[in-house]
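Residues per chain, in single letters:
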Amino acid sequence: GVIRGAGLEATIPAAAAEQTIDAAFRRLGGDWGNELAFHAAELIDLAAQWRPALMTSRVDQLFGALMTHTAAPLEQPSALALPASESPPALQALEVMGRRSTRAAIIRNLREALGHLVPHAPEAVARNVMGIIEAQEVTSEEALELRDEAVRLLGDLRRRPEMLNDVLPMLWTALVHADQRVRAQAVAAWRMIAAVHGDALPRDLAEILPALLEDQFVIVHQAAIRALREGLPVSDAML
């Protein structure tokens, strides 16, 4: 009830809010059920948005939680599920869909919480993002999904002008990444960064656009088209 109902308003004493946040992190693992894990992630996102001073020291903890949830198998048995022989296939399918939806919502809340903390702890967020993007190549679905989430955070890091020199190498690494999902997320992040720092971006960065527009994967070339439609700046010659 505390996790589900707490709003972490400014009137709540810092000590009580800290205890609530601690409880939310403990429940993220789902030991009290997936629904409570979702509400815990929701509360953590609210805390990052409305009480960032209490969350800036928890950036590493937040990334650890994000890594844990993206590394979890997509198919997790439900503690309340009937034995396979007794559970109808349709019910099994609905349970799998429900677990996937809850997992996606938890991951989204954790990523958005990190995005809210960028203005308050940019170096800590950037360090973790860089570590994930530049990690040794991996091929598991969960590891690639984690990299997708890290690339999305590049767009949030645009809020800090002093981080641009750190963000650009990460952006380039993502734009030429072997995985098409990472490339597509990088194009979206590029558009967000250009909206704030368009004049400060290297002019030769746009030279990769033809390759992205001709990318064999729809998710990539559609992302490039969308970015251009939304105003990604390019020179007249490139246009």
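One structure accompanies this document, and this report is about it. (Residues numbered from 1 in each chain as written. Predicted model: local features only at pLDDT ≥ 70, side-chain atom pairs only at ≥ 80, totals over all residues. Heavy atoms only, no water.)

1. Description of the environment of T173
To keep it simple, the criterion reads: A run of DSSP states H or I qualifies as a helix once it reaches four residues; a run of E qualifies as a strand once it reaches two. Both are numbered from the N-terminal end. For this analysis, a polar contact is any N or O atom pair within 3.5 Å, provided that within protein one partner can donate a hydrogen and the other can accept it, and provided that sequence-adjacent residues contribute only side-chain to side-chain pairs.
Mapped onto the secondary structure, T173 falls in helix α8 (residues 164-175). In terms of polar contacts, T173 uses its side chain to reach the backbone carbonyl oxygen of P169, at 2.9 Å.

2. Things to note about the side chain of E145
What counts here: Categorising residues by exposure relies on relative accessible area from a 1.4 Å probe, with only protein chains included: less than 20% of the type maximum marks a residue as buried, more than 50% marks it as exposed, and the intermediate range marks it as partly exposed. Two residues form a contact once any of their heavy atoms are found within 4.5 Å.
Counting through the fold element by element, E145 comes out in helix α7 (residues 141-157). Residue E145 is classed as buried on the basis of its relative accessible area of 16%. Apart from residues no more than four positions distant in its own chain, E145 is found in contact with T70, R103, I107 and R181.

3. Comments concerning the pattern of salt bridges
Close approach of charged atoms allows side chains with opposite charge to pair. For clarity, the threshold we go by: The salt bridge criterion pairs a side-chain nitrogen of Lys or Arg with a carboxyl oxygen of Asp or Glu, the two atoms within 4 Å.
By the definition in use, this model includes nine salt bridges. When the shortest N-O distance is used, the salt bridge between D31 and R27 registers 2.8 Å. Look at the salt bridges and you will find they share partners, linking E18, D22 and R58 into a network.

4. Focus on helix α5 (residues 89-117)
Definition in use: In this scheme, a helix's expected span is set at 1.5 Å multiplied by one less than its residue total.
Its 29 residues place the ends of α5 43 Å apart at the C-alpha level, agreeing with the 42 Å of an ideal helix rising 1.5 Å per residue. For α5, every residue scored as buried is listed here: R99, R103, A105, I106, I107, N109, L110, R111, A113, L114, G115 and L117. Of the surrounding elements, those touching the buried residues of α5 are α3 (34-50), α4 (59-71), α6 (122-133) and α7.

5. A word on the packing of α5 against α7
This is how it is decided: All axes here are fitted lines through C-alpha atoms, helices being fitted over the stretch that makes contact, and every angle between N-to-C directions spans 0 to 180 degrees. In this scheme, a crossing is called left-handed if the near helix is turned counterclockwise away from the far one by less than a right angle; it is called right-handed if the turn is clockwise. Each residue gets one label: Ala, Val, Leu, Ile, Met, Phe, Trp, Tyr, Cys and Pro are nonpolar, Asp, Glu, Lys and Arg are charged, and the others, such as Gly, are polar.
Between α5 and α7, whose axes approach to 10 Å, the crossing angle comes to 35°. Of the two possible hands of crossing, α5 and α7 adopt the one that is right-handed. Contacts from R103, I107, R111, L114 and G115 in α5 reach E145, E149, R152, L153 and D156 in α7. Grouping the constituent residues of the contact of α5 with α7 by class yields three nonpolar, one polar and six charged.

None of this, on its own, says anything about what the molecule does.
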